[in-house]
Amino acid sequence: MKTKNSISFLLNGEAVHIDFALQNIKPSTTVLNWLRNYAHHTETKEGCAEGDCGACTVVVAQPDKSSQKLIYKAVNSCLLFLPSIDGKLLITSRGLAPETDNVNILHPVQKAIVDEHASQCGFCTPGFVMSLFALYHKSIDADDNEINNALAGNLCRCTGYDSIRKAAKVALNDRNPDRFDQLEHDLLKSLDALQQNTMFDADCQNQRYLKPATINEALAARAAWPEALVVNGSTDAALQQSKHFKHIPFILDISGINEFKNFNKNGFQIEAGAGLSLEDLRLEIVDAFPALNDILSVFASRQIRNAATLGGNLGSASPIGDTTPLLLACNASVKLISISGSRTMPLSEFITGYRQTALQKDEFIETVFIPLPAADEKVKMYKVSKRHDMDISTVSAAFRLKINLENKVENFAAFYGGMAATTIEANETKSFLLAKQWSQTTIEEAMSILIGEFNPISDARSGAEFRNIAAANLLQQFFNDTQSEMS
Amino acid sequence: MKKQYQYTHSHNEPVHDSSLKHVQGTTIYFDDMPAIEGELHACVVTSPVAKGKIKNIDISAAEKMPGVQCIITAKDIPGDNQMGAVFHDEPCIASQRVDFMGQTLAIVAANSLEEAIRAAAAVKMDIEPEPPILSIEEAINQNAVLQPQRKIERGNVDQVFAQCKHVLSGRFRSGGQEHWYLETQICIAVPGEDDEMTCYCSTQHPSESQAIVAEVLGTDRNRIVVETRRLGGAFGGKETSGNHVAAWAALLAAKSRKAVRLRLTRDTDQAITGKRHRFMSDWKIGFDENGAIQAYEVVLNADAGYASDLTMAILERAMLHAENAYFIPHIRIVGNSWKTNLPSNVAFRGFGQPQGMAVIENAIDQIARFLKKEPNNIRLLNFYGSNERNTAPYGAEIENNRLDSVYSKIVNSSDYHARRKKIDEFNNQSKYIKRGLALTPVKFGISFTTAFLNQAGALVHIYSDGSIQVNHGGIEMGQGLNTKMLQVAAEELGVNVERIKVTATNTSKIPNTSATAASSGTDLNGMAVKNAIDQLKERLKNVAPEILGEMFPNKTILATNIVVENDMVSDASQPSISCNFDEFVAKAYLKQTHLSAAGFYRTPDIWFDRPNGVGKPFHYYAFAMSVSEVEVNILTGRAKLLRADLIEDAGQSINSMIDKGQVIGGFVQGLGWVTTEDLKWNKDGKLLNASPDTYKIPTITDIPVELNIELLENAPNHNTIRRSKAVGEPPFPLAISAWLAIKDAVSAVYDHQIEPPLSIPATNEEIVICIAKMK
């Protein structure tokens, strides 16, 4: 099999070639560390090295499906392994305009920040610039919500954000073609020239890094090296390195496999490729599945969602689960694929315990099937977190309800995150509710059952008492929302 | 001058002097400095237990790890093993015992950060653990006193309490706060000859970092240079904490004879550095049927952590602001400092003032609920007067009181009364979503309460090409100090800002400086810069008759008629006699004029007698007010700030855009303190929120869509640089209005009949549990 041990990408338009063995660079070096320590592009800052502050935000651009247009995505460079940007365009704040001390030469998003006095210590500023730059290239109306959503993954401790929000509005209000629009044709050509469709296989500094180009290569690699850590967006895996300073001996990077990024939907179900980024998934289902959009909108930050995948989220089998309560409530199933075939199983069977799944050592999650709620069903998901955005749930809950014409509960499901070692169903509450009147009296009784149904822990996020009360209160919230929808 | 640098103006004011570099990323923070040949990377080895006796530290295995160059334990320190800023109770590296989890036991330098961190993990620590003290209550129970109690008292408190119509009392808690500056602590130490050491160090207090580095190295301060160009945020978190990193880096550099870069990772920074002080305060307030306060007693208990650091100064500021904006005839303010087995708590924007003020604001809120009156009426009734009822508990007069004018302004601009009505109507209709509204006044005393610290130096050079370099002792940490210094220097000298460069702060240019803290940066350094400029201007004027006389022969030119304006040196009495600044300076140099001047300033007439709790500790007061409206989901505890109105008295603002940035930034930082920023420790003393995934500062979505900010107009200050007022800290406690608004919303759950037992921070958990307790 033909392989390569180097990568090529464009940095602010200029071609860069990295031969890991020759240059003695560890393949899993993050884009942030490479920029700062090897390329002397210190404009990209490290604020936390764990994807929580956005100071390291860069934009990665690549052609869309038509190959006629560039798609710009803001990502956290601290969680991005270098091979993942092979063949792509990496953009930093120094690449938006020629270096200048003339405010009029700056990129419009940069100029707006200067004009609105929206930098103080300036350390977070390049990250904000890049998140705004990605938004500048997103062809949708940037209203307050969109601006908030695009910038919620960038922390600033000085300005209080007001001036930054003003700058965003100024910059996005009058969007003219920028340098990248003007150069788009050339950039597409340069990127095209970099495409090789060859498996990346580097072995350097006691680390083997495989990045297959095709699904067959990926399946073969998975079967041959089950010990390899499978990564896609690497937003979780990279923490081992960036936060815990652990050495990862073997990485199998499947971010290049297009077969994992399919998306289909019909009136009954969504078929989401496990390798689809959460933000791409969100954009696909905004109207089709509002409850999923609601939870994805507060899933980490846009930078994380641009990299993280649904497969990664389900595969990590965390007790919080993020999307899992909702997917379980909807009876989602997963298709697992290996070199010897494929199998499909309900998500409820796939997750077997605390961070445990039924995934075999030669398998990948290929597709997630999410049946859409029927017209007469009500489905909602709620997340309780200390901070609204960019926070992990303290408690989350997904509800699914069908009531009959006599206002009696015909079908009910409630799945909770944060209440046990895995995402868990409120079975006692469910049994109680079935066939009961969907009324405030019933709900109050159900809440008293619910409050004793789980035995959550106290941790950094909250005490057990709050978890219990909030879990019960979410049922009340769901009831309230069903009532206001019906009225 | 060869090049015209562009200092961009926007909204008619100069923007931050680094902003063009900020947006491009070309500003150079310490970690952006290129590596020095042979440079090592360092990290700290920290204690895994919160309290105990050190039996043995074994570095033998760690020393054999790949890439390791140098490991230092306490016994290797050539000088004093001390890094306490005021009291010497903080070892640089623990030797006999550990007093908090995260205390440094050894420091490691290796070829790379990864190698250093892996080697640190290989250091074997044998510590005999002891039960730690982790709360103020435990510290009180065990009488773990840090420093003797302080007291400020006026009137006959006990006697008046006995006669008061109503007396309320309670216990109030406010939590700590992590600074979360974006740039973590860092020092690059570069050894030189003869024990010289240059430290590029994240410090708000270069002279103190210099002193501590000299002490741990066992050398004199004249061999140590600390240079700080800018900080990526500080907020008090680099007032003393930066010293530690500097001392560790310098020790490793001195031993290895190589440059050492010690940058704390985010998680280490959060785990080992001090925070805002937690307070637990017992209060009692006596008042009449109208809500006029007659007596107030408060015992402020501060959690110092394991060592003194600046705790006593912070406690003192809390005490000096315990009455906030209110004249209270009979008052007793007691301050206790308690030792716990946590990192020594440090300065944080507000410096105790918010903690002291929150107690009385909560008490006033409670009075209003008790009397069923609008809280603002209670506030208004008790505000300090202008000509009477205007003496602080410590005897100083509250001069130029602007409370009434700020109050009437904000009540109008925020449409307070109409909104109060609407909110009541809303709450009557809404069971699960409640709204709340609150106004909070702030009176903030400006000056270091340790009087001698109120001094500053500057050094201004005019080079013979006409370009000017301004050096001062303050630190640029985002607050725009250098921009203001540029403006001050340009305006005082009569030249354009474009010819001025403000440089990195360096202890060999300005010695013996005070920290850039207490909101004093512009006040003190601005005056010092002005003093230097005044001297230079005088010299230019004195040489002008000679220079201009040669250019305009046969004219009589008097030095007293010379003015410098718009980059020209002219004779004000003869408009045709004028010379451009470049040419004039070149000639002045040839005339052997001294074109460099050291400036100095000391704040006049301030003093404080600590034992007796009386004095005039402040040069002046800054006033501010805010109105916040929130919406609380009582099921989930989510509180959303819907609108905030802020008015700040910044005197005659030097740069209103920079000042507004300080006000909003301070308010939002305060918002974090009163809402989502929550610190929890486990029973072993481990901080559970030691990383941004569990410690939550505000994001852009936490600020209201409607945020109105106003600086008080036509309000020049007296006897300060360009009649301005300090603006760094006073906005921080404005966020207490958001907390009170949350409390108001929670109170609405039971129609304001029950006092909500709410603490700071009002996290979603705190809110939901509070409502449960009210049942």
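Residues numbered from 1 in each chain as written. Chains lettered and ligands numbered in written order. Predicted model: local features only at pLDDT ≥ 70, side-chain atom pairs only at ≥ 80, totals over all residues. Heavy atoms only, no water.

A.B. asks: Quick one: what's the story with the overall build of chain A, residue by residue and with numbers?
C.D. replies: For chain A, the count of helices and strands is 18 helices and 21 strands. Taking 2.2 N^0.38 as the reference for a compact globule, 487 residues should give roughly 23 Å; the C-alpha atoms of chain A span a radius of gyration of 23 Å, in line with that estimate. Overall size of chain A, expressed as C-alpha extent along the three principal axes, is 70 × 55 × 40 Å. Pairs at least 24 apart in sequence give 64% of the contacts found in chain A among residues at least 6 apart. (Helix = DSSP H or I, 4+ residues; strand = E, 2+ residues; numbered from the N terminus. Rg over C-alpha atoms; globule rule 2.2 N^0.38 Å. Contact = heavy atoms within 4.5 Å.)

A.B. asks: Could you give an account of helix α5 (residues 144–151) of chain A, with specific residues and numbers?
C.D. replies: Residue and element names in this part refer to chain A. Of all 8 residues in α5, 6 are buried; the element is thus mostly enclosed. Listed in full, the buried residues belonging to α5 are E146, I147, N148, N149, A150 and L151. Among the structural elements, α4 (125–136), α6 (162–173), α10 (278–285), α11 (290–297) and α12 (302–307) are those in contact with the buried residues of α5. (Buried < 20%, exposed > 50% of the residue type's maximum accessible area, 1.4 Å probe, protein only.)

A.B. asks: Which residues make up the sheet that holds strand β31 (residues 706–711) of chain B, and what values do they have?
C.D. replies: Residues and elements named next belong to chain B. Strands sit in the order β18-β29-β30-β31 across an open sheet of 4 strands; the sheet is mixed. This sheet does not close on itself; its edge strands, each paired only once, are β18 (433–446) and β31. Taking each pair of neighbouring strands and ignoring which way they run, the sheet shows an average axis angle of 15 degrees. Alignment of strand β29 (residues 620–633) against strand β30 (residues 639–648), held across 9 bridges, turns out to be antiparallel. (Pairing = 2+ DSSP bridges. Axes fitted to C-alpha atoms, helices over the stretch in contact; angles between N-to-C directions.)

A.B. asks: Go over the packing of helix α14 (residues 481–493) of chain B against helix α15 (residues 521–551) of chain B with me, naming the residues and quoting the values.
C.D. replies: Residue and element names in this part refer to chain B. The contact between α14 and α15 brings their axes to 9 Å, and the two run at 30 degrees. Comparing their axes, α15 and α14 come out roughly parallel. In this structure, α14 meets α15 at a crossing whose hand is right-handed. Contacts between α14 and α15 involve L481, K484, M485, V488, A489, E492 and L493 from the former and G521, T522, N525, G526, V529, K530, I533, D534 and K537 from the latter. (Parallel < 35°, antiparallel > 145°, perpendicular 65-115°, else oblique. Left-handed = near helix turned anticlockwise from the far one by under 90°.)

A.B. asks: An account of the confidence of the model for chain B is requested, with residue identities and associated values reported.
C.D. replies: Atomic detail in the predicted coordinates should be set aside for any region of low pLDDT. In the predicted model, chain B carries a mean pLDDT of 97, and 99% of its residues have values of at least 70. Per the prediction output, this complex has pTM 0.98; the corresponding ipTM is 0.97. (pLDDT = per-residue confidence, 0-100.)

A.B. asks: Report on the interface of chain B and chain A, specifying residues and quantitative values.
C.D. replies: With 85 residues of chain B in contact, the opposing surface of chain A contributes 76 residues. With both sides pooled, the region where chain B packs onto chain A buries about 6700 Å², and carbon together with sulfur makes up 57% of that total. Counting the contacts that link chain B with chain A gives 9 salt bridges. Secondary structure elements with two or more residues in the side of chain B that touches chain A: β2 (13–14), α1 (19–24), α3 (113–121), α8 (266–272), α17 (656–674) and α19 (764–774) of chain B. Broken down by element, the side of chain B that touches chain A gets its largest block of residues, 7 residues, from α17(B). In terms of residue class, the side of chain B that touches chain A is made up of 33 nonpolar, 33 polar and 19 charged. (Buried area = accessible area lost by both parts, 1.4 Å probe. Salt bridge = Lys/Arg side-chain N within 4 Å of Asp/Glu carboxyl O. Nonpolar A, V, L, I, M, F, W, Y, C, P; charged D, E, K, R; others polar.)

A.B. asks: Please provide a residue-by-residue account of the packing of aromatic side chains, values included.
C.D. replies: Taken as a whole, this structure holds 29 aromatic pairs over all chains when the rule is applied. Measuring from centroid to centroid gives 6.3 Å for F128(A) and Y161(A), while their planes differ by 55 degrees, and the two rings are tilted. Pair noted here: F128(A) is in helix α4 and Y161(A) is in the loop between α5 and α6, with a separation of 33 residues, a long-range link. Here F128(A) falls in the buried class, since its relative accessible area comes to 1%. With a centroid separation of 4.8 Å and an interplanar angle of 15 degrees, the aromatic rings of F399(A) and F478(A) are classed as stacked. With a gap of 79 residues between them, F399(A) in strand β19 (residues 395–403) and F478(A) in helix α18 (residues 464–486) connect regions that are remote in the sequence. For F399(A), a relative accessible area of 0% puts it in the buried group. Classification of F478(A) as buried rests on a relative accessible area of 0%. By the ring-pair criterion, three or more aromatic residues cluster together here, those being Y382(A), F399(A), F412(A), Y416(A), W438(A), F454(A), F478(A) and F479(A). If you follow K284(B) out to its NZ or CZ, it ends over the ring of F161(B), 4.5 Å from the centre. (Phe/Tyr/Trp six-rings, centres within 6.5 Å; stacked < 30°, edge-to-face > 60°. Lys NZ or Arg CZ within 6 Å of the ring centre and 35° of its normal.)

A.B. asks: Now, about the pattern of salt bridges: what can you tell me, with residues and values included?
C.D. replies: Pairing between side chains of opposite charge can happen when the charged atoms of each approach one another. In total, this model carries 80 salt bridges over all chains according to the counting rule given. Residues K138(A) and E146(A) are paired through a salt bridge, measuring 2.9 Å at the closest nitrogen-oxygen approach. Take K138(A) and E146(A): they sit in the same class, and that class is buried. Between K75(B) and D76(B) there is a salt bridge, and its shortest N-O distance comes to 3.7 Å. Three or more residues are tied together by salt bridges with common partners; here these are R36(A), K45(A), E46(A), D31(B), D32(B), E39(B), R261(B) and R263(B).

A.B. asks: Residues and numbers for the state of the cysteines, please.
C.D. replies: Scanning the model with the defined rule gives 0 disulfides over all chains in all. Not part of a disulfide, C124(A) finds its nearest cysteine sulfur in C156(A), a span of 3.8 Å. Of the cysteine sulfurs around C187(B), a residue in no disulfide, the closest is that of C199(B), at 4.2 Å. (Disulfide = S-S within 2.5 Å.)

A.B. asks: Residues and numbers for the sheet that holds strand β11 (residues 186–191) of chain B, please.
C.D. replies: Residues and elements named next belong to chain B. Ordered by their spatial adjacency, 8 strands build an open sheet running β5-β7-β3-β14-β11-β12-β13-β22, and the pairing between neighbours is mixed. Each end of this open sheet is capped by a strand with a single partner; those strands are β5 (68–73) and β22 (505–506). As paired strands, strand β12 (residues 197–201) and strand β13 (residues 224–228) are joined by 4 bridges and run parallel to one another. Residue pairing in the sheet places Y200 in a bridge with E227 of β13. Here helix α6 (residues 206–217) sits on the sheet in contact with β12, β13 and β22, set at roughly 145 degrees to β13.

A.B. asks: An account of the nonpolar core is needed here, citing residue identities and associated values.
C.D. replies: Among the nonpolar cores identified, the biggest contains 169 residues, and I91(A) and I285(B) are the most heavily contacted of them. Those residues in contact with I285(B), other than ones at most four positions away along the chain, are F161(B), H166(B), V167(B), L168(B), I293(B), A295(B), Y296(B), I360(B), A363(B) and I367(B). (Core = buried A, V, L, I, M, F, W, Y, C linked by side-chain atoms within 4.5 Å.)

A.B. asks: Tell me about the environment of L558(B), residues and numbers included.
C.D. replies: Residue and element names in this part refer to chain B. Structurally, L558 is set in the loop between α15 and β23 (562–565). For L558, a relative accessible area of 47% gives the class partly exposed. Sequence separation between L558 and K541 is 17 residues, and the spatial gap between their C-alpha atoms is 8.8 Å. Discounting residues that sit within four places of it in the chain, L558 has contacts with P545 and D571.

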